[in-house]
Amino acid sequence: MKKILNTVFLLSVGAIPLKSQDAFVQVIHACADTQADSVDVYVNDKLTLDNFALRTATKYLNLPASTYQIKIAGKNS
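From a predicted model like this one, the values you see are computed outputs, not experimental measurements.

*Asks:* How should I be thinking about the pairing of strand S3 (residues 46-53) in this particular structure?
*Replies:* Two faces make up the sheet, and in a regular strand the side chains alternate between them. Where strand S2 (residues 38-43) and S3 come together, five bridges link them in antiparallel fashion. Within the sheet, the bridge partner assigned to Val41 lies in S3 and is Leu49. Connecting S2 to the antiparallel partner S3 that follows it, the hairpin turn spans two residues, and Asn44 within it adopts a positive phi of roughly 50°.

*Asks:* Just checking my understanding: could you explain the environment of Ala32 for this structure?
*Replies:* Mapped onto the elements, Ala32 comes out in the loop between strand S1 (22-25) and S2. When its relative accessible area of 64% is taken as the criterion, Ala32 is described as exposed. C-alpha of Ala32 to C-alpha of Leu54: the two residues are 22 residues apart in sequence and 7.5 Å apart in space.

*Asks:* Explain the nonpolar core to me, please; I cannot follow it from the model alone.
*Replies:* Ala36, Val39, Val41, Leu49 and Phe52 together form the largest nonpolar core, which totals five residues. Contributing elements (two or more residues each) for this core: S2 and S3. Look past the residues within four positions of Leu49 in its chain and what remains in contact with it is Val27, Val39, Asp40, Val41 and Thr58.

Calculation criteria
- Note that residues are indexed from 1 along each chain, following the sequence as it is written.
- At least 70 in pLDDT is required for a residue's local features to be given in this predicted model, at least 80 for side-chain atom pairs to be given and counted, and no such filter applies to totals for whole chains, interfaces and linings, which use all residues.
- Note that the side-chain values use all heavy atoms of the structure and ignore hydrogens as well as water.
- Following DSSP output, two strands are said to pair if at least two bridges run between them.
- Runs of H or I in DSSP of at least four residues are treated as helices and runs of E of at least two as strands, each being numbered from the N terminus.
- Accessibility here uses a 1.4 Å probe with only protein chains present; expressed as a share of the type maximum, an area under 20% marks a residue as buried, one over 50% as exposed, and anything in between as partly exposed.
- Nonpolar cores were defined as sets of buried Ala, Val, Leu, Ile, Met, Phe, Trp, Tyr and Cys residues, with membership established by side-chain atoms within 4.5 Å.
- We call two residues in contact whenever any of their non-hydrogen atoms come within 4.5 Å of each other.

This is the structure:
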């Protein structure tokens, strides 16, 4: 009987629609390269973080769930 209840529970959980439309993203600069004391971060070819300093982090950003192209460049690029 216990086995049947576990199966029913798993089927019930699997039937719950999951519609995640947001992603929570945090950017952390932890590259210890001396030439990367700050960097520029581009998202989909748009400058998003200008001169982002080493050992810093952003707050969690709530973004639409999707595919993004991330590029990292030297400061003042």
